[in-house]
Amino acid sequence: MRLVFLGPPGAGKGTVAAVLKDRLGIPHISTGDLFRDAVSRKTDLGREVEGILARGELVPDELTVALVRERLKAPDAGNGYILDGFPRTIAQAEALEAFSPPEKVVNFVIDDEEVVKRLSGRRVCPSTGRVYHVIYNPPKVEGKDDETGEDLVIRPDDRPEAIRHRLEVYRTQTAPLITYYGKKSRLVDIPADRSIEEVVHLVEQAVRGL
Ligand code: AP5
């Protein structure tokens, strides 16, 4: 099953993918996570993209497409994937069509006000990438990861000015993909402003039977 999760920053794509990857038996591949991992390991790629991520801009298409193309060659992607945060431009979508066209594109529909609430309360575990929210999805112990006990952190791109910029980038560069995949009849809209359990259920219903 080849799935793309599309939607604005903070729509809940990563949260839903983290639950469904095991139920569907396919890997959750988040380009944001791949870039953040490169930044934390201080690789050449990490040094190149660190500032871009912090400002909330997009990494150049060639770099991003090459990263995904390579990742999809791994054995765990043999039965499909959940791509979270890729494609994000028409050029990326065209590239994906050429090497692994998605069967369904789940469009997380949510308004800006809710996005800002979600991103400003988001906390993440720097080593595992596990995602929490101070109100909607709090850790068992405040400020600590449930499994490792590490201190949770705020992502650099969750600062208010970066959030505003990411929403603008989404509108201009990524939202055109809604029409792109709609014309290919692969798009399914999901109301993403419900509880985590409800959104997981709706997405699972929409993709089962593929
Ligand atoms: P990326 O990591 O992909 O960021 P994003 O798309 O902005 O998505 P987020 O991770 O912010 O949100 P999400 O939808 O996964 O929400 P989450 O589940 O965490 O990309 C980061 C950067 O990398 C980009 O800005 C760019 O620089 C670069 N990049 C990545 N891909 C690229 C590409 N293809 N091309 C070029 N550059 C690229 O949830 C958010 C919060 O809400 C959490 O706190 C969560 O607990 C909470 N929450 C989730 N669901 C619910 C719910 N239903 N109810 C209440 N709270 C909820």
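As shown above, the structure is provided for reference.
Residue numbers here run from 1 along each chain, matching the order of that chain's written sequence. In view of the model being predicted, local features appear only for residues whose pLDDT reaches at least 70, and side-chain atom pairs are presented and counted only at 80 or more, with totals across whole chains, interfaces and linings using the full set of residues. Heavy atoms throughout the structure, all of them, feed into the side-chain values; hydrogens and water do not.

This part is about the site of the ligand. Working definition: residue near molecule or strand if any one of its non-hydrogen atoms lies within 4 Å of it. In the vicinity of the ligand, 36 residues are found, and the nearest of them are T15, E57, R88, R122 and R166. A distance of 3.2 Å separates an oxygen atom of the ligand from a polar backbone atom of A11. Here the Shrake-Rupley method, with its probe set to 1.4 Å, supplies the accessible areas, and only the displayed protein chains count as covering residues. A total of 1000 Å² of accessible area belongs to the ligand in isolation, and the protein chains cover 97% of it. Helix and strand labels come from DSSP, where a helix needs a run of H or I of at least four residues and a strand needs a run of E of at least two; each type is numbered from the N terminus. Going through the elements one at a time, α1 (13-24), α2 (31-40), α6 (112-120), β6 (131-133) and α9 (196-207) are the ones with two or more residues in the shell around the ligand. The element that contributes the greatest number of residues to the shell around the ligand is α2, accounting for 4 residues. In the shell around the ligand, the residues fall into 14 nonpolar, 12 polar and 10 charged. Counted as a polar contact is a pair of N or O atoms within 3.5 Å, where, for protein atoms, one must be capable of donating a hydrogen and the other of accepting one, and residues adjacent in sequence contribute only when both atoms are in side chains. Gly falls in the polar group here, along with every residue not listed as nonpolar (Ala, Val, Leu, Ile, Met, Phe, Trp, Tyr, Cys, Pro) or charged (Asp, Glu, Lys, Arg).

At a minimum axis distance of 10 Å, the contact between helix α5 (residues 90-99) and helix α8 (residues 176-183) shows a crossing angle of 30°. Residues I90, A93, E94, L96 and E97 of α5 touch α8, and the partners they reach there are P176, L177, Y180 and Y181. The class makeup of the residues in the contact of α5 with α8 is 7 nonpolar, no polar and 2 charged. Helix axes are fitted to C-alpha atoms over the stretch in contact, other axes to C-alpha atoms as well, and angles between N-to-C directions run from 0 to 180 degrees. Every residue pair with non-hydrogen atoms within 4.5 Å of one another is taken to be in contact.

Glancing now at the pattern of salt bridges. Take a side-chain nitrogen of Lys or Arg and a carboxyl oxygen of Asp or Glu: if they are within 4 Å of each other, that pair is a salt bridge. Counted according to the given criterion, the structure contains 21 salt bridges. Residue R71 is joined to D76 by a salt bridge in which the shortest nitrogen-to-oxygen separation is 2.8 Å. Its relative accessible area of 22% is what places R71 among the partly exposed residues. A salt bridge links K144 to D151; its shortest N-O distance comes to 2.5 Å. You can call K144 partly exposed: its relative accessible area is 31%. Each of R122, R155, D157, D158 and R166 takes part in one network of salt bridges that share partners. For each residue, the accessible area found with a 1.4 Å probe, counting protein chains only, is set against the maximum for its type, and the residue is called buried under 20%, exposed over 50%, and partly exposed in between.

Turning to the environment of S185, a few remarks are in order. Assignment of secondary structure puts S185 in the loop between α8 and β7 (187-191). Sequence separation between S185 and V105 is 80 residues, and the spatial gap between their C-alpha atoms is 9.3 Å.

Turning next to the pairing of β7. The side chains of a regular strand alternate between the sheet's two faces. Going residue by residue along β7, you find V188 and I190 tucked away on one face and L187, D189 and P191 left uncovered on the opposite face. In this sheet, β7 lies alongside strand β4 (residues 104-109) in parallel orientation, the contact comprising 5 bridges. In the strand pairing of β7, V106 is matched with V188. The rule for pairing is simple: two strands pair if DSSP sees at least two bridges between them.

So, on to the nonpolar core. The term nonpolar core refers to a set of buried residues drawn from Ala, Val, Leu, Ile, Met, Phe, Trp, Tyr and Cys, joined through side-chain atoms within 4.5 Å. One finds F5, V16, I82, V106, F108 and V203 to be the most contacted residues of the largest nonpolar core, which totals 24 residues. Those elements that provide at least two residues to this core are β1 (2-6), α1, β4, α6, α7 (160-174), β7 and α9. Considering each element in turn, this core owes the most residues, 5 residues, to α9. Setting aside residues up to four positions removed in sequence, V203 forms contacts with F5, V16, L20, V106, F108 and I190. One finds A77, L83, L96 and L177 within the second-largest nonpolar core, a separate group that totals 17 residues.

Let us look at the sheet that holds β7. With parallel pairing, the 5 strands of this open sheet are ordered in space as β2-β3-β1-β4-β7. Strand pairing shows two members of the sheet lacking a second neighbour, β2 (28-30) and β7, which therefore form its edges. Across the sheet, the mean angle from the axis of one strand to that of its neighbour is 25°, orientation sign disregarded.

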